[in-house]
Amino acid sequence: MIRTSLIVTIFIFFPFVEKLHSKLIISEFLANNEDSLLDEDGHPSDWIEIFNTSISPVSSEGYFLTDDEKSPNKWKLPNAIIPPNGYLVFFASGKDRINENNYSHANFSLSASGEYLALTFNGSPSSEFTPIYPDQYKNISYGFNTINGSEGYFSKPTPGEMNGPIDYSSKVSDTKFDIDRGFYQSPFNVKITTKTKGSTIIYTIDGSNPSLDNGTKVVSEDPQQQISATLYIDKTTTLRAAAYKQGLIPSNIDTQTYLFLDDIVTQTERPEGYPYPWVSRNGQSIEGDYGMDPNVVGKLYSLEEIKESLLDIPTVSIVTDKNNLFGTQSGIQVNPRDSGSSSEREISIEFINFENSENSQENAGIRMNGNASRLVSRPKHNLRVIFRDDYGKGTLNYPLFGPEAETNRFNSIILRGGNGNSWIHPSKNVYENAMYIRDQWFRDVHSSMGYPETLQREVHVYFNGLYWGMHHLFERIEEEWCAERFGGDKEEWEGFRVVAGNQIEIINGTPEEVQKGIHDSWQSVINSAIDEDLDGVMKYLDINAFIDYLILNFQSGNSDWDQNNVRAMRRTSPPGKYMFFCHDSERAGFNVGSPNIAIDVTNKNTPKAPTSIHTALLNNADYKLLFADRVRLHLFNRGSLTAEKSSEIWQRRAEGIRIALKAESARWGDFRKEPPLNLEDWERALKREYEEWFPKRNPILLDQLRLRGLYPDTESPNFSQHGGQV
C-alpha cells in the first residue's frame, strides 16, 4: 500500500519550458483501486499518471483531463512544471479538489468496465484511450512500458515512477458451463470450458475462490488446444471456476449453484466442514443453527409440500468462502456487530427462478445491515448486498421485481431476515404472532396513497447451498437509488436517516452540514415550523405528502418510528422537496411488547425529526385544516387507510407468502420453541389482525386526533358518489 504525501513534481526553476503538447502522455492509470494508493481522506481513489516524454521540462498549463470525448476540457490540470522524464499524478475521485501539498483530484472517476480517457490541449487529445480502454481489474494498473512503449497491464502499479515491463497483455476468456444454475432432480455431468488455448481450469465446490493455490486443476496438455473439465453433479453443489494462463490476467470467477430439493429438505444440523458451535473473535459461543426441522419436514408438512414451498418464490444463492460467514476472526455471521467497509466480504450472488427472466449471477460485496437484527441471539440477520466495480460490473442489471418494474438497475439491495416480525425474535409476543409482512404493508399502503416507495418482494436465500430461510428483498434508500429512480446524478441528491434513538445520519452533506449533523435545508424546515411559517416549511416539504406520511404512522401505531427508522431524500439541483419513505416499520400495531388496539403515537415530538415539525405547526390553523382534510381522504370512502382497503392490501401480501412460509417453518420455526412455530400460529395471528385491528383501529385514531385538535367533532357529510360523471 502506498500513502500519498507530496506531489511527485515540485520544481522551482527551469531555464526552458517546452510548450509542445504532444510531449505529455497518460502513461499509467488505475481504475479499480482497492489499496494501492490512498488519498488524503484515506480513500482508495482511482488515479492517473502523466509522463513527460521529452528531454526538456514541460508546463501543464492549458492541459485538461476528461472521460468524455464530447467534453475535452472537463477538468483543468493545475499549473506545474514537469521535468524531463518526470511525472504528475492525479486522483480521479470526482472530488474536484486542488491540493498544494498532495495529489489533486479530478472531477470524475474511472469506470472499471472501460470508458474514454484523454489528456487534451486546445480542445484536442494529446494522449487518449479511444473509443474506450479495456476492462480494468482490482489493484492492476494499465499503461505503457516506459522503455519500449508496449501497452498492457501492470501487476504492481507504480504511480509517479518509471513503468516496468508489461505483466499481462490481456485476460483469459471466461469459463463457460454447459449446464446452467438452478434446481435439479437427477444427476448430470457438467462441462467447464474456456476459449483461451493452453489455459488451466481450476474449480472448487466448497464456496472458496479457485486460485493457483486452491482448488482442483485441469491442465491443458496441448498449448494450442482449448481445455475443458467435466464434473459429475449428484447433490447440491456450489461450483466455482476460473481459468489461468501465464502472461494473461486470470479470468474472473464464475459460479453455478445446483440445488437438489431432496438434499435441502433433509438439510442436517451438522453440515460437513461448517463450525459448530459458532464462536466469535471475542470468544462468545452460541449454538449454531443449520438444519431443517424433522418435526416439520415429513410430519407437519409432507416432503412434497416443503419442496413446493421452496419453489413458490424466487431464490437467491449467496456463495463465498465459508470463513467469510462463519470464521471466528472474519465471519460476519458470527461477528454480526461488525460494520463499515472493513466488514464487507466478497460474494457471488445468483438469481434463480425470477419470473420471465433467465437465471443470472453477479459478483458483489455483503455486510450486515440494521441494528437489533445484528444481535448474536438472532441468527437470521439482515444483509446488505453492494454492487461495485471492485467486484464486477458495479451495477446489477436484472429485473428483480419483474419486467414492468420502475427500474432494473441496482447499486445496493437489502435481504431482510424479518427480525422484529418473525419466528426468531426473542419476545414471546412477537414470535408467537409473527406476520412477516408488517414492514411490507407500510410500503404497500404508502404506495396506495400515491407516493413512491422502494420495490420489494420475498425470496428464499441460500448460503453455499445451505437453505437460510425466507427473506424480504428490497431496494436501499440512498443517493444512487434516488438518481436511478427519479433522475439526476447522485451528487444532486441529499437526505438523512434517523437511527439509534434520534441520531441523524447525513447523506451527501457539505463538510459544514456533516459537522453540524443536519442539512441546512432540514434546519430551515425546523426553523420555519417553530415560527409557525407554513410557507417557509413548504419551501422544502410537500405538505400534503408530509401529512400523509404522518397519518400512516399514526394510524398504524408505529412505536419504533421518528426516533428511529426515518428516511428522507430531496433533489438539490434543480431544488426539490423532501420525500419520506417507509423503513423498518415492524414495531407497530399489535407487534409491540404489550399489544394494544389503543396504542397512541400521535403525541410524539422527537427533536429535529418529522414529529417536531408537526408539533410546532399545531398552532397554525391552515396546517390543522389541511391535516383534517388528509385524514378524511385516507380514512373514509375506501381511502387507503380504511379498514376495507388496508386489510385488502394486508391480505394480498399475506397470500403471497403463505406457501413459502412452510419452508421458513422447517428452517426457523423451532428456534424459539417446540413444537415448532408454523402456519397455524401465523393463521391465528392473521385472524387477530382481521378481527381486532382493522375494523376497530380507525375510530380510536380519530378520537386521538380529536383530542389534539386535528379532526373535528362534527362528522363531514357523505356523498352517494365520490367524484366522476353523474
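Below, the structure is looked at part by part. Since the structure is predicted, the reported quantities are computational estimates derived from the model, not experimental observations.

Basis of the calculations
Residues numbered from 1 in each chain as written. Predicted model: local features only at pLDDT ≥ 70, side-chain atom pairs only at ≥ 80, totals over all residues. Heavy atoms only, no water. Helix = DSSP H or I, 4+ residues; strand = E, 2+ residues; numbered from the N terminus. Rg over C-alpha atoms; globule rule 2.2 N^0.38 Å. Buried < 20%, exposed > 50% of the residue type's maximum accessible area, 1.4 Å probe, protein only. Lys, Arg positive; Asp, Glu negative; His and termini not counted. Charge placed at Lys NZ, Arg CZ, Asp CG, Glu CD. Core = buried A, V, L, I, M, F, W, Y, C linked by side-chain atoms within 4.5 Å. Contact = heavy atoms within 4.5 Å. Phe/Tyr/Trp six-rings, centres within 6.5 Å; stacked < 30°, edge-to-face > 60°. Lys NZ or Arg CZ within 6 Å of the ring centre and 35° of its normal. Expected span 1.5 Å × (residues − 1). Axes fitted to C-alpha atoms, helices over the stretch in contact; angles between N-to-C directions. Parallel < 35°, antiparallel > 145°, perpendicular 65-115°, else oblique. Left-handed = near helix turned anticlockwise from the far one by under 90°. Arc of directions from axis to C-beta. Pairing = 2+ DSSP bridges. Nonpolar A, V, L, I, M, F, W, Y, C, P; charged D, E, K, R; others polar.

### What about the overall build of the protein chain?
Helix and strand counts for the protein chain stand at 15 helices and 36 strands. In summary, the protein chain has a C-alpha radius of gyration of 29 Å against a globular reference of 27 Å for 726 residues, a match within 12%. The buried share among the 726 residues of the protein chain stands at 56%. Treating the 72 positive side-chain charges of the protein chain as one cloud and the 99 negative ones as another, the clouds have centres 3 Å apart.

### Side note on the nonpolar core
Within the largest apolar cluster, 88 residues are counted, with the highest numbers of intra-cluster contacts made by Trp522, Phe580, Ile613 and Phe627. Excluding anything up to four places from it in sequence, Phe580 contacts His446, Glu453, Phe496, Trp522, Leu541, Phe546, Tyr549, Val566, Arg567, Ala568 and Pro610. Counting residues in each nonpolar core, the second largest holds 36 residues, with Tyr274, Ile318, Val385 and Ile424 among its members.

### Observations regarding the packing of aromatic side chains
For any pair of aromatic rings, the description rests on two quantities: the centre-to-centre distance and the angle between the ring planes. Taken as a whole and judged by the stated rule, the model has 53 aromatic pairs. Between Tyr462 and Tyr467 the ring centres are 5.3 Å apart and the planes differ by 55°, which places this aromatic pair in the tilted class. On the accessibility criterion, Tyr462 (0% relative accessible area) is buried. What links up through ring pairs into an aromatic cluster is the set Phe496, Trp522, Phe546, Tyr549, Phe554, Trp561, Tyr578, Phe580, Tyr623 and Phe627. Cation over ring: Arg270 sits above Tyr276, and NZ or CZ is 3.3 Å from the ring centre.

### Some words on helix H13 (residues 643-655)
Taking 1.5 Å of rise per residue, the 13 residues of H13 would be expected to cover 18 Å, and the 18 Å separating its terminal C-alpha atoms lies within 8% of that figure. Residues of H13 that are buried include every one of Lys645, Ser646, Ser647, Ile649, Trp650, Arg653 and Ala654, and no others. In this structure, the buried side of H13 is in contact with helix H5 (438-448), strand S31 (456-463) and helix H15 (679-707).

### Remarks on the packing of helix H10 (residues 543-555) against helix H12 (residues 621-635)
Closest axis-to-axis distance for the H10/H12 pair is 10 Å, and the angle between their directions is 60°. Our classification of the angle between H10 and H12 gives oblique. For H10 against H12, the interelement crossing comes out right-handed. On H12, the residues touching Ile543, Asn544, Phe546, Ile547, Asp548, Leu550, Ile551 and Phe554 of H10 are Tyr623, Leu626, Phe627, Arg630, Val631, His634 and Leu635.

### Section: helix H8 (residues 520-530)
Those residues of H8 not exposed but buried are Ser521, Trp522, Val525, Ile526, Ser528 and Ala529. Within H8, the buried residues cover an arc of 165° as seen down the axis, which keeps them to one side. Where H8 is buried, its residues contact strand S33 (493-499), helix H9 (534-537), strand S35 (566-571), strand S36 (579-581) and helix H11 (610-616). Glu532, located one to two residues past H8, shows a positive phi value of around 55°.

### Some points on the pairing of strand S20 (residues 237-244)
With eight of its eight residues buried, S20 lies for the most part within the structure. Burial along S20 is two-sided: Thr237, Leu239, Ala241 and Ala243 and Thr238, Arg240, Ala242 and Tyr244, pointing in opposite directions, are all buried. One ladder, built from five bridges, connects strand S17 (residues 200-204) with S20; its direction is antiparallel. What sits directly across from Thr204, in S20, is Arg240.

### A closer look at the packing of helix H2 (residues 303-310) against helix H14 (residues 661-668)
Running from N to C, H2 and H14 point in directions that differ by 110°, and their axes come no closer than 7 Å. With respect to each other, H2 and H14 are oriented roughly perpendicular. For the pair H2 and H14, the contacting residues are Glu305, Ile306, Ser309 and Leu310 in the first and Leu661, Lys662, Ala663 and Ala666 in the second. Across the contact of H2 with H14, the residue classes break down as five nonpolar, one polar and two charged.

### Describing the sheet that holds strand S10 (residues 117-121)
Spatially, the four strands line up as an open sheet ordered S7-S6-S10-S11, and their pairing is antiparallel. Edge positions in the open sheet fall to strand S7 (75-76) and strand S11 (124-129), since each of these has one partner strand only. Across two bridges, strand S6 (residues 63-66) lies against S7 in antiparallel orientation. In the strand pairing of S7, Leu65 is matched with Trp75.

### Topic: the sheet that holds S33
Across the sheet, four strands lie side by side as S34-S33-S35-S36; this open sheet has antiparallel pairing. Strands at the two margins of the open sheet, each flanked by one partner only, are strand S34 (503-507) and S36. Recorded for the sheet is a direction-independent mean angle of 20° between the axes of neighbouring strands. Of the pairings in the sheet, the one linking S35 to S36 comprises three bridges and is antiparallel in character. Within S36, the residue paired with Arg567 across the bridge is Phe581.

### A look at the environment of Ser357
Among the secondary structure elements, Ser357 is positioned in the loop between strand S25 (345-352) and strand S26 (360-368). On the accessibility criterion, Ser357 (19% relative accessible area) is buried. C-alpha separation for the pair Ser357 and Pro399, spaced 42 residues apart in sequence, amounts to 7.2 Å. Excluding residues that lie within four positions of it along the chain, Ser357 makes contacts with Tyr398 and Pro399.

### Focus on unusual backbone geometry
Residue Pro277 is reached from Tyr276 by a cis peptide bond, and omega for that bond is 0°. Inspection of the secondary structure assignment puts Pro277 in the loop between helix H1 (261-264) and strand S22 (278-279). The residue after Ser573, namely Pro574, is reached through a cis peptide bond having omega -5°. Structurally, the position occupied by Pro574 is in the loop between S35 and S36.

### Focus on the environment of Gly215
Here Gly215 lies in the loop between S17 and strand S18 (216-219). Spatially, the C-alpha atom of Gly215 lies 37 Å from that of Ser27, the residues being 188 residues apart in sequence. In this view, Gly215 contacts Ile202, Tyr203 and Thr204; residues no more than four positions away in its chain are not counted.

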